[in-house]
Every structure is written in structure tokens, then in C-alpha cells.
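Structural overview
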Amino acid sequence: MKKILFIIISMFFVFTLFSQDIYAPTSDFTDAEKKIIKDAKENIERGDRMVTNADNDNKKYENLLTSDKRSKQKKGEKKTVQAKRNLLSAGTFYTKGYEALYDLYSKKLSLTVFKFPEDQQKANNLKAQADKLYNDGSSILSKNRTYTDKQLEKDVKFISLRNSITNGAQKEKEAIEKLAEALYMYENQSQKEQDFIAQDKEAWQKAVMTNSIEGYEKYMDSSPNGLYISEALQKIKELEEKIRIAEQMQNNPNLVYHVKIMADTKKWSTQEIKSKI
């Protein structure tokens, strides 16, 4: 029962591990690049099949290892070693596939310039994460390739080797997902820019309707990279000047006299006007 459960879990793990689409992060690929992606996908899928075959062979022949007959034990040893070799071959195909994608996507990303600074920063962070994941996974898979047939027969357990192979492949896959996510962000830049322009225009119209320093400052806070920042600054400057003049009129009695004289219907002589100011 435990062995059956292990096989079910193993098959589910392989399926979920490689079920996500990481082969089309952007439409901006040349025919040659599409060929690289196609070949990489085939190598990864071949790795999947070899893991499944190794699981089936190991399950089928491991019981022979505990047989009372030496001939059956030898057959079991030979078949289980072959299952381990299949795992190593799976690791090789995973490496070929993910290495091709990693190199292609990294190069593509290095030539990409994002329109929004926050997206560029996020892409840089994703690339750094991808580098670490890929290096970790590559190191694991490389180490497994050093095993000799004798080590596979005597020292290396099937389940340990399988876990190591799938763990290394998982890290490489996660690295590709990070790169694909960054490329997806670039693919969506045009739509994001259109959305930004529409939202920025709406925010600006609200600020204009309030026509207050607070309203324009609120616009600049919500849209630090907005299209109307210079207009907002000019509006704030104009309003501050109006406030300054109003305060000056309120606090300066001479200006009040000027207003009073200009509003009075009486004809003032030059001497009288001077006496008021």
C-alpha cells in the first residue's frame, strides 16, 4: 500500500512540477528563438518521461532484491541500477532544457528597458532570485552526474537520488518562472501605460475641479510620475501668490486706504490722498 501511494504521489509531483506554461512569456521571439524554446520543452518533457519510467522500473523490480534466490537478486540489482541511470539521464535532459531557456530569457531580459521604474526594479529583483535558484539547481544536478555504476549499485538509494534530481529540476524551473514573470511584465507595459494615462488624467481632472493647493498636492502624491506634475506645480505657485497678495492686503493699512480711495465717489485732492497714505 505504501509503495502504491509513493508512486501516486511521485507521478502527481512530476505532473504539477512541470505543468505550468513557461514557454511563451512574450510574443517577441524570432523563429530561431522559438526553435530553442521548442527543443528545450522537448528535453524537459523527455526528462519527465524518464522519471516516470524510473519509478515504474524501481517499483517493478525492487522486490527481487529481497528474494531468496540469488539469481533474482542479481536481476533486481541490475534493474534497479538501470532505474537509477534513468534518473541521471532525466537530470541531463532537464539541465539541457532549462539551461537553454535560462540563457535565452536572461539575454532577452538584459535587452529590455521598462517604462516604469518600479517595474524595472521588480524585474531586477526577479533576475537576482532566478540566478540564485538556477545556480542552486544546476549544482545539485551536476553533483548527481558524478556517480559511478558501483556507487549506484551499492551506495545510492533510489528514493534519495530521485528526490535530489527532482529537487534540482524544481529549482531550475522556478528560476525560469522568475525570468518569465519579468518578461510577462514587459509584455504588459503598453496596456499598463494606457491604464496609467487614463487614471492620471482622471486624478488631474479631480485636482482641477477642487482648484486648491491641497488638491494639487494630493495629485502629485498619488501620481509622482504623472503627466501633469509641471502644471500642478504652476497652479500651486499661482494660488500661493494669490494667498500672499490677499494676506498682504489684509495686513497692510496703506493698501486698505488705496482701496477705499478708489471706491469713494468723492474727488480727492493730491494732498488729501497723500495724507491718507
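Structure: see above.
Residues numbered from 1 in each chain as written. Predicted model: local features only at pLDDT ≥ 70, side-chain atom pairs only at ≥ 80, totals over all residues. Heavy atoms only, no water.

**Overview of the overall build of the protein**
For clarity, the cut-off: The helix and strand labels rest on DSSP assignments: H or I over at least four residues marks a helix, E over at least two residues marks a strand, and numbering proceeds from the N terminus. Buried residues are those whose accessible area, probed at 1.4 Å on protein chains only, stays under 20% of the maximum for their type, while exposed residues exceed 50% and partly exposed ones sit between those limits. Note on contacts: a residue pair is in contact if any heavy atoms of the two residues lie within 4.5 Å.
When helices and strands are tallied, the protein shows eleven helices and zero strands. Ordered by position from the N terminus, the helices and strands of the protein form the series α-α-α-α-α-α-α-α-α-α-α. Looking at the 277 residues of the protein, the share that counts as buried comes to 33%. Of the contacts formed within the protein by residues at least 6 apart in sequence, a portion of 74% connects residues at least 24 apart.

**So, the packing of aromatic side chains**
Describing an aromatic ring pair means giving the distance of the ring centres and the angle of the ring planes. Let me state the cut-off plainly: Only centres within 6.5 Å qualify two rings of Phe, Tyr or Trp (six-membered ring in Trp) as a pair; their planes then separate them into stacked at under 30 degrees, edge-to-face at over 60, and tilted for everything else.
On inspection of all chains with the given rule, the structure shows nine aromatic pairs. Centroid distance tryptophan 204 to tyrosine 216: 5.6 Å. Interplanar angle 40 degrees. Geometry classified as tilted. In this pair, tryptophan 204 sits in helix α7 (residues 189-210) while tyrosine 216 sits in helix α8 (residues 213-222), placing the two residues twelve residues apart along the sequence. Here tryptophan 204 matches tyrosine 216 in class, with each residue buried. One aromatic cluster is present, built from ring pairs that chain together Trp204, Tyr216, Tyr219 and Tyr228.

**Re α8**
Applicable threshold: The arc under discussion is defined with respect to the helix axis, by the directions toward the C-beta atoms.
Looking at α8, one finds that the buried residues are Gly215, Tyr216, Tyr219 and Met220. Down the axis, α8 shows its buried residues gathered within 135 degrees of arc, on one side only. Across from the buried face of α8, at angles greater than 90 degrees, the exposed residues are Glu214, Lys218, Asp221 and Ser222.

**A closer look at the layout of surface pockets**
Inclusion rule: Here a cavity is any set of points on a 1 Å grid over the protein atoms alone where a 1.4 Å probe fits but cannot get out, and a pocket is any open set with protein on both sides within 12 Å along at least 5 of 7 lines; a residue lines the site when it has an atom within 4 Å of a point. Grid points are joined across faces, edges and corners, and a volume is the space filled by probe spheres set on the points. Under this grouping Gly is polar, as are all residues other than the nonpolar Ala, Val, Leu, Ile, Met, Phe, Trp, Tyr, Cys and Pro and the charged Asp, Glu, Lys and Arg.
Its boundaries defined by the atoms lining it, the second largest pocket holds a volume of some 260 Å³. Around the second largest pocket sit 14 residues that line it, and Phe116, Glu118, Lys192, Phe196 and Asn225 are the ones nearest its centre. Secondary-structure elements contributing two or more residues to the lining of the second largest pocket are α4 (117-144) and α7. By residue number, the principal contributor to the lining of the second largest pocket is α7, which donates five residues. Tallied by class, residues from the lining of the second largest pocket come to six nonpolar, four polar and four charged.

**Digging into a positive patch on the surface**
To be explicit about the condition: Patch criteria: residues need more than 30% relative accessible area and no salt bridge. Like-charged residues are merged within 9 Å; nonpolar side chains of Val, Leu, Ile, Met, Phe, Trp and Tyr are merged within 5 Å. Values of accessible area rely on a 1.4 Å probe in the Shrake-Rupley scheme; residue burial ignores everything except the protein chains shown. The rule for a salt bridge is simple: a side-chain nitrogen of Lys or Arg has to be within 4 Å of a carboxyl oxygen of Asp or Glu. Residues scored as positive are Lys and Arg, those scored as negative are Asp and Glu, and His as well as the terminal groups of each chain are ignored. Lys charges are placed at NZ, Arg charges at CZ, Asp charges at CG and Glu charges at CD.
Taken together, the side chains of Lys60, Lys75, Lys78 and Lys79 present a region of like positive charge at the surface. Considering each element in turn, the positive patch owes the most residues, three residues, to helix α3 (residues 70-110). Mapped onto the elements of the fold, lysine 75 is located in helix α3. A residue is classified by how much of its surface remains accessible, and lysine 75, at 45% relative accessible area, is partly exposed.

**Brief notes about α7**
Our working definition: Each residue after the first adds 1.5 Å to the expected span of a helix.
With 22 residues, α7 should reach 32 Å at 1.5 Å per residue; the first-to-last C-alpha distance of 31 Å fits that figure. All of the buried residues in α7 are Gln189, Asp200, Trp204 and Ala207. One side of α7 carries all its buried residues, which in axial view fall inside an arc of 55 degrees. For α7, exposure combined with an orientation more than 90 degrees from the buried face picks out Gln194, Gln199, Lys206 and Met209. Following α7 by one or two positions, asparagine 211 has its phi on the positive side, about 45 degrees.

**Considering the nonpolar core**
Filter applied, for reference: By convention a nonpolar core is built from buried Ala, Val, Leu, Ile, Met, Phe, Trp, Tyr and Cys residues, the set being connected through side-chain atoms within 4.5 Å.
Core analysis: the biggest nonpolar cluster contains 41 residues, and Tyr94, Tyr98, Leu101 and Tyr105 have the highest contact counts within it. Taken together, the elements giving at least two residues each to this core come down to α2 (31-61), α3, α4 and α6 (158-187). Broken down by element, this core gets its largest block of residues, 13 residues, from α3. If we skip the residues at most four places from it in the chain, leucine 101 touches Ile22, Tyr23, Ile37, Ala40, Ile44 and Ile176. Counting eight residues, the second largest nonpolar core, distinct from the first, contains Tyr216, Tyr219, Met220 and Ala232.

**Some thoughts on the environment of leucine 133**
Following the sequence through the fold, leucine 133 ends up in helix α4. In this structure, the C-alpha to C-alpha distance between leucine 133 and lysine 178, residues 45 residues apart in sequence, is 9.3 Å. With residues near it in sequence (within four places) discarded, leucine 133 still touches Lys171, Glu172, Glu174, Ala175 and Lys178.

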